[in-house]
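# Residue-level structure breakdown
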Amino acid sequence: MITLRLKKQPTVPLEAEALSPDRLAGQGNAAIRALPVFLGKRQCRLDEFFDVDGADSDQLEIHGDAARVKWIGREMSRGLIKIHGNAGMHLGAYMKGGAIEVAGNASDWVGAEMTGGRIRVAGNVGGQIGAAYRGSLAGMKGGTILIGGSAGLEVGMRMKRGIIAVAGPVRDFAGLQMKGGTIILGGGAEIRTGAWMFRGTIISLAPLQLLPTFAYASAYMPTFLRVYAKHLRTLGVSIPVDAAAGAYQRYTGDSAVPGKGEIFVWQPRSQS
Amino acid sequence: MLRISGGKVYDPANSINGVVKDICIDNGKIVADVAGGRVLDAAGMIVFPGGVDIHTHVAGAALNFARALTPENQRAAAKFLHSEHTRAGIGGQTPTTFATGYLYAGMGYTTVVEAAVPILSAKHTHEELNDTPIIDKAACLLMANNEIVMDLLEAGDVERAKHVVAWLIWAAKVYGVKAVNPGGVTAWKWGKDAKQLHEPVYGYSKVTPAKIIAALAGMVDEFGLPHPLHLHCNNLGAPGNVATTLETMKVLEGNRAHMAHLQFHAYGGDDWHTMRSEATQIAEYFNRHKNLTCDAGAVLFGNAVTITADGPWQHLLYQLTGRKWGNLDVENETGCGIVPYTYKGSNLVNAVQWAVGLELLLLIDDPWRIFLTTDHPNGACFWRYPEIIHLLMHADVRKERVKKLPAKARARIFLADLNREYSLYEIAIITSAGPARALGMKQKGHLGVGADADVVIFNQNPDGEHMFRYPRYVIKAGEIVVEEGDIKNVRNGQAFVVKPAFDEKIEDFLKPVFQQQYTMSFENYPVERERVHGLQLCPTSQAGGSS
C-alpha cells in the first residue's frame, strides 16, 4: 500500500498523471517521491505536494482535498486507487483496468475515453463523464462508472460501450451522440437527453422531458433489463424490474441523425 | 567545405547509377573538388540527391482549418519537444509548421511544393512557410475557379485574362499555377459541380472546364513558367472518372501539364459497388503522350485528413463518411473542404484506391514522368513515403499485401500481376531527379557541379522502409542538418517565386472590379516581397523576359 497525504494545496491545478498503479508498482519510496508532476509549466517532484509513505504496490491511497489534482489514474490498467477526499479533473481518463474509489466529489471528464475498469464516486461529479475528448469519434469503450450524487453536462457523450450509472440528477445532453453502451439516470436529467443518439440505451428512473425527435413506442417490461438488473445489483445499483410495480416507456431516436437509440423511462403503476 | 567520401552515388540526372565516387561541397554548392575541410566517410553507404516533393499541402488557411478540425489527431501525434536546435511541435496527419520542416528533412526531403494557395490566403501561407524550417519551398496558385478570370474568358478577352493571371501570380508570390476541379468549385457556390468537360460551368454560357484548362495551360506555357500547369482534374475520386481524365489529357495536347495525384482520377465502374482500377487505360495513354508528367497521389491504409479546394467532392465524402466536414468559401477565387478519413483495407473502394496508386507507379514506364506523392495529407502523410518505396522495390511484399484484401477487391485490381521492381536508381528519379526536372529547378535533384548541395546519405539496408525512413545524414545547402535521426542544425530555406511579364496598366482594370467585389482593399491584396523570407526569383523562359 502506498499512502499519499496532500500537504500543500497547489495554487493552480497540478497535473499528476504519475499517480497510476502502473507507474508506482515496482518503485521504491525515494523513486515515488521523485516522480514528476506539473504545476503549470513547471515540473516539480511529487513530494513537494504530498507526504509519501510506502513503496512498490499497486494499491494507492490519497488523503486530503485533491480537487486540484488532475489526471489521477490516467491510463491505469490494474490495481486500486482510493481517494478519501475529492479528486480533480480527468480522473481515470483513458483507464484500461483496475478500480478507483472516491469518497468525496470529482470533477469533469471522469473516465473519459476509458476502455475498462471501474470508477466509483460517492459524491457529485462534473460534466463529460465517460465522454469523448473534443474531436474524438468515441468516448468510453468499456468499463463502469458509478456516481452516487449528481453529474453535469454531456454525460456519456459519444460513448460506445460500458455502463454509466448516476444516482442523482444530471444536466443537459446526457448521451449526446451516443453510439452504444448504457446510461442509467437514477435522478432524471435536464433537457435534450439522447440528442443525436445513434445507438445505445438510456434508462431513466425519473420522468424526462424528451426531444420531439424521439418517438414513443410502447410501455412494457423489457426482458433484457432483468439481466441488466442482476449485473447492476452486484455493483450496488438497483433498477426496478418488477412488472407489478410499473413499466418502462420506450422511446426511439434520435430521428434527427437518424439513430436507433432507445430511452426507457420508468413509470410506476398508479396507486388508484 | 565538405567531402562525402566513398559512398555509392545515385544521381540519375547525370546518369550516375551506383558509382562509388566522392561528392564535394563548398559554399552550399556541389563543386568538382575541395582541398581540406571535413571528410564524411560514406563507405558502404548510399548517396542520393535531396528529395523533392512536387505536390503536398503543408501550409495555409485550409491546412490550418484541418489542424483545428482534428484535435484528436494531434493528441495521438508524435511530439517534438523544444531542444537546442528544434522548436516544439507535433507531427501526425497535419504536422505543425516547425515539425513539418523537421519531418521532411528527417526523411531526406529538402524541397517541397505547397500545391494549393488561394491569393487571398497567400499571406497566411507565406507566414507559415517562413516558419517551416530547413526545406526549400515553392507554391502553386489556385486559378481555375477565379471568377475575374472566368468572366474575362466568358467575354472572350483572353489577352486581358492573361495579364490578370500574370499579375495574380506575382501578387501571390508563387512558383506555378494550379487548377483544381476547373469550374467545379465556382459551381459549388450554387450547390452544383462541373462533371462534364464540355458543358458550360453553372452561371456561365460559354466557359467550360475544358476551356479553362486549355486557356490556363496555354498561358503557363506562354509565360514560360518553369513548371507547367499543375492540374487536379474534374470528377476526382468518382467511380468511372477515367473517361474525364482521358478527355482532359486530350484537351492538354499541344501544351505541357502536370497531372496531380493521378491515382484519384483512374477509376472505372458506375458506382461505389462496381468501382475498379483503370490504371492500365490511363498508363497506356500517358505513356504515349510525352507532354505530361504526373504524381501518384498514392493511398496507404490508416488515418488521413482529406483537404482540397474541391468543395463539392468534399461534401460528397462527408455524406459518405458521416464524419466531420469543414467548408470554406474563398470569395471569388476558390473554396475548400476538409473531411477526416480512414482508409481501410477491408473496404472495397479503399482497397482499389491503394492498388491504383501503386499500379500507376508500376505501369507508367518512364520514371521521369511519375513522381512519388500521397497528396499529403489526403492519401497518407508524407512521412509514410518510405512504406511506398518498400512496396515499389519488392513485388513479393506487394503480392502478400494483396492477398489480405477482400476477394471482391482483388477482382477489381491487377497489382498482383505486376512484377516490376524499382531499382535504387529509379527511386532516386521518382523522389528527386524527376520532380526537380518537372518543376524546372535546374539546381535541384542532382549532384552535378553547380547544383545546390542537398544530399541524403543512407545506410544500405534491404528493408527499404527502414533505410528511407532513417537517413544516416541529410545535408541541406552544404550543412549537415540531420545526423542519425537527430536535427543538428536548423537554418531556413529559400522560397522560389516567378514573375511573368504583365502590363502594369492591368491594375486599372482590376482595381475597380476588386473594390466592388472583394471584402479587402486592393492595396492589401498582394503579398509584399519582404514578407516572403528567402525569396528567390526564378527566371521564366518568356520571349520578352520578365519585367
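The preceding data block contains the structure.
Below or above, wherever it landed, is the structure these notes cover. (Residues numbered from 1 in each chain as written. Chains lettered and ligands numbered in written order. Predicted model: local features only at pLDDT ≥ 70, side-chain atom pairs only at ≥ 80, totals over all residues. Heavy atoms only, no water.)

## Observations regarding the overall build of chain B
Rules: Strands here are runs of E lasting at least two residues and helices are runs of H or I lasting at least four, both read from the DSSP assignment and numbered beginning at the N terminus. Note on method: radius of gyration uses C-alpha positions; expected globular size equals 2.2 Å times residues raised to 0.38. We call a residue buried when its accessible area falls under 20% of the maximum for its residue type, exposed when it is over 50%, and partly exposed in between, using a 1.4 Å probe and counting protein chains only. By the convention used here, residues are in contact when the closest approach between their heavy atoms is within 4.5 Å. Methods summary: accessible areas were calculated by the Shrake-Rupley approach with a probe of 1.4 Å, and residue burial reflects only the protein chains presented.
Along the backbone of chain B there are 18 helices and 28 strands. Its C-alpha atoms give chain B a radius of gyration of 22 Å, within 12% of the compact-globule value 24 Å for 547 residues. Expressed along its principal axes, the backbone C-alpha trace of chain B runs to roughly 65 × 60 × 45 Å. For chain B, buried positions account for 63% of its 547 residues. Across chain B, the fraction of contacts at a sequence separation of at least 24, relative to all contacts at a separation of at least 6, is 76%. Carbon and sulfur atoms make up 50% of the accessible area of chain B, which amounts to about 19,200 Å² in all.

## A word on the side chain of A:Asp47
Inspection of the secondary structure puts A:Asp47 in the loop between β4 (42–45) and β5 (50–53). Apart from the residues lying within four places of it in its own chain, the contact partners of A:Asp47 are A:Lys7 and A:Arg33.

## Describing the pattern of salt bridges
Residue and element names in this part refer to chain B. Filter applied, for reference: When a carboxyl oxygen of Asp or Glu is within 4 Å of a side-chain nitrogen of Lys or Arg, the pair counts as a salt bridge.
The tally for this structure, following the rule as stated, stands at 35 salt bridges over all chains. A salt bridge links Lys444 to Asp136, with the nearest nitrogen and oxygen atoms 2.5 Å apart. Highlighted residues: Lys444 in the loop between α16 (424–438) and β23 (455–459) and Asp136 in strand β12 (residues 136–142), separated in sequence by 308 residues. Here the two residues Lys444 and Asp136 agree in accessibility, since each one is buried. Overlapping salt bridges, with partners in common, bring together Lys29, Asp136, Lys444, Asp452, Asp454 and Lys476 in one network.

## Things to note about helix α3 (residues 97–106) of chain B
All names here are of chain B. Burial within α3 is extensive, with eight of its ten residues counted as buried. If you check which residues of α3 are buried, you get Thr97, Phe98, Ala99, Thr100, Gly101, Tyr102, Tyr104 and Ala105. Looking one or two residues past α3, Gly108 carries a phi angle of roughly 90°, positive in sign.

## Focus: the sheet that holds strand β1 (residues 2–5) of chain B
All names here are of chain B. So the rule is basically this: At least two DSSP bridges between two strands are needed for those strands to be called paired. Helix axes use the C-alpha atoms of the stretch in contact, all axes being lines fitted to C-alpha atoms, and the angles between their N-to-C directions lie in the range 0 to 180 degrees.
One open sheet holds the four strands; their spatial order is β5-β4-β1-β6, and the pairing between them is mixed. Two strands close off the open sheet at either side, each with one partner strand: β5 (29–31) and β6 (38–41). On average, each strand axis in the sheet is inclined to that of its neighbour by 30°, with strand direction left out of account. As judged from the four bridges shared by β1 and β6, these two strands associate in the parallel manner.

Honestly, that's just the spatial picture; any functional story needs more than this.
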